[in-house]
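# Observations on the three-dimensional arrangement
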Amino acid sequence: MTPQIMIDSVSFQYPGGDEPVLKNISLTINKGEFVAIMGSNGSGKSTLCKLINGLIPHYYVGDYSGEVMVNGKLTTDHKVTELSKHVGYVYQDFENQLVCPRVLEDASFAPLNYGDPNFKEKGKRALDLVGLQNHDDEFIWQLSGGQKHLLALAGALSLDPEILIIDEPVAQLDPFHAEEVYRILEKLNKEYGKTIIVIEHHTEFIAEYCKQAILMDKGQVIWKKATKAALREVDQLMKSNIFPPQVTQAAYRIGELQDREIPVTLEEAVTFFSNKALSSNENFLKTNHKSEIKKTTVSLENVYFSYKTINRSRKQVLNNINLELHSGDLVALVGTNGAGKSSLMRLLTGLVKPEKGDVFVKDMNTHKHSPEKMADIVTYIYQNPEEMFIEDSVRKDVEFFLKSRKVAEYKALVDTILNQFELSELQDKDSRLMSGGQQRRASLAIGVAMNPSIILLDEPTANLDIATRKHITKLIAALQDKVDTVLIATHDMQLVAEWANRIIVLHDGRVIHDGDRESVFTNEELLTLAGLNPPQILELSRKLNISPLAYTVEEFVLAMERKENVSGIYTTAF
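Everything numeric here is computed off the predicted structure, so don't read it as measured data.

What counts and how
Residues numbered from 1 in each chain as written. Predicted model: local features only at pLDDT ≥ 70, side-chain atom pairs only at ≥ 80, totals over all residues. Heavy atoms only, no water. Pairing = 2+ DSSP bridges. Helix = DSSP H or I, 4+ residues; strand = E, 2+ residues; numbered from the N terminus. Axes fitted to C-alpha atoms, helices over the stretch in contact; angles between N-to-C directions. Contact = heavy atoms within 4.5 Å. Core = buried A, V, L, I, M, F, W, Y, C linked by side-chain atoms within 4.5 Å. Buried < 20%, exposed > 50% of the residue type's maximum accessible area, 1.4 Å probe, protein only. Domains from an automatic or database assignment. Buried area = accessible area lost by both parts, 1.4 Å probe. Salt bridge = Lys/Arg side-chain N within 4 Å of Asp/Glu carboxyl O. Polar contact = N/O pair within 3.5 Å; in protein donor to acceptor, adjacent residues only side chain to side chain. Nonpolar A, V, L, I, M, F, W, Y, C, P; charged D, E, K, R; others polar.

Turning to the sheet that holds strand S18 (residues 485–489), a few remarks are in order. What the six strands build is an open sheet, ordered S16-S17-S18-S13-S19-S20; its pairing is mixed. Edge positions in the sheet fall to strand S16 (378–381) and strand S20 (510–515), since each has one partner strand and no second. Here the average twist between neighbouring strands, direction ignored, is 15°. Strand direction decides the pairing type here: strand S17 (residues 454–458) and S18, joined by five bridges, are parallel. Counted as the bridge partner of Leu456 is Leu487 from S18. Across the sheet, helix H18 (residues 436–449) touches S16 and S17, and the angle it forms with S16 is around 165°.

As structure tokens, this is what we get:
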């Protein structure tokens, strides 16, 4: 194969950094490869990729040594503008790449600035590739977060680069569109011969689509291997806080491999577990909950919501929503991008008012109360943690609301909250300069400090590695002891399956289902309509006819352990 990217003995340290972010890295990526870069938050993945398009050292200055060659060009000898014709890049903070007011204008921006007379045609072609056709004249602010991500991808594709780098390609995308993005990347790789590099935490996507995988840890490249071989390095991945696919975790935990290769895809797992499957009417995974009358905390009655576009027409977002939330509810709000999830949550804060109908929060009608008054009851934690940060340190951010409300003895309360969210040692650090996981913890701490009855979280696990996501999930689970109702808008189906006791499905601004995980994940018609993909372990248990279905790796392992104890076919030590 032809080497296309050659990184030779590169080290890099940001100004003011305590140590190098990259430490003597050497790596070769061949033309036409589809490579995933894995690593925990802060391992150096994004910094490594910024070498390839010349942002380091041309834009991000620091202590730099070594050489990077891209298509035979030494990056230090060529400007970023020239390298951008070879390397397209979609950043983790992709919204900063959107520079024009309308969709087609933005998709065409790069070829226009290179003086290409066919710039509009190239923009349209890129939009078609990512599924944003018929959005040409829409304004950027009309798009959902997922659609903005797709537009950033279209902008990178408009120059038809030979190399495409995508930092977290499925961040903020619903499961259906996440699969669609990877199918697009697969097509670009197989049919157009493009070299694809993704920074990815979702190992199920890596197993399904990527040909090679790179593991990074503490600024070093540990190895580059074929994907299946890479994902079978379970011990080393877990040591680096990388969780292999759910089916791989399950097989590894159950053991008894007997020289068989551990499965990394759903299809491999079906074969692997076929002789161990259990079909039974035993309800050992189910918990019987006593019915009880719960106090209503939120009520939406005949609610409609729309906003006025710049051409004075109105875009309908929510249609005739009737909904009640109760004390003790752990609610997952799910649906495709643009279904209305974020708009519904903003209505609960009073930041926006319904066009028709009423929203009651703790019997307070949002029409009659200001957002400042509603903030005493309901806290909205934004999808982007940085929107929660006002001051120049974590501690000041957490205590801001308490000080403004003149809460007595607030310092002791802040101490307790910082300790709860493992932020005590970071309390003097600027929240904006922390890692993604640390920022999530800080935003949760800010919300809890406001002592709300209802807490709303918008995509709390987006852009996090799996280990950090699991940590955040545990912190979220602990919130139920401190608030009446928790509502999360999310595309993370593993979070939904593991955490929620109630799932509300939105589609085209309407509630099309309100139930528990069994009623959602066993309804194939609903899943298809709402663009939802069940967790991989649930699909495995369905294909193996396990009854009741396992929604988590722990439940699947328990089912297999139960089979062993019942049938005596084999014995496994845990």
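Among the nonpolar cores identified, the biggest contains 50 residues, and Val398, Phe421, Leu444, Val486, Ile503 and Phe521 are the most heavily contacted of them. Considering each element in turn, this core owes the most residues, six residues, to H18. Excluding its chain neighbours within four sequence positions, the residues that come into contact with Val398 are Val414, Ile417, Leu418, Ala445, Ile446 and Ala449. Membership of the second largest hydrophobic core comes to 48 residues, among which are Phe94, Ile184, Leu188 and Ile196.

The next subject is the domain arrangement of the protein. Along its sequence, the protein is organised into domain 1 (3–245) and domain 2 (329–334 + 369–535). Between the C-alpha centres of domain 1 and domain 2 there is a distance of 28 Å. Taken together, the 17 residues of domain 1 in the interface contact 15 residues of domain 2. In total, domain 1 and domain 2 occlude about 1,400 Å² of area from one another, counting both sides; carbon and sulfur atoms represent 54% of this. Our count for the domain 1 to domain 2 interface comes out at zero salt bridges. Across the domain 1-domain 2 interface, the total number found is one residue pair in polar contact (both at pLDDT 80 or more). The element that contributes the greatest number of residues to the side of domain 1 that touches domain 2 is helix H8 (residues 175–190), accounting for three residues. Split into classes, the residues belonging to the side of domain 1 that touches domain 2 amount to five nonpolar, eight polar and four charged.

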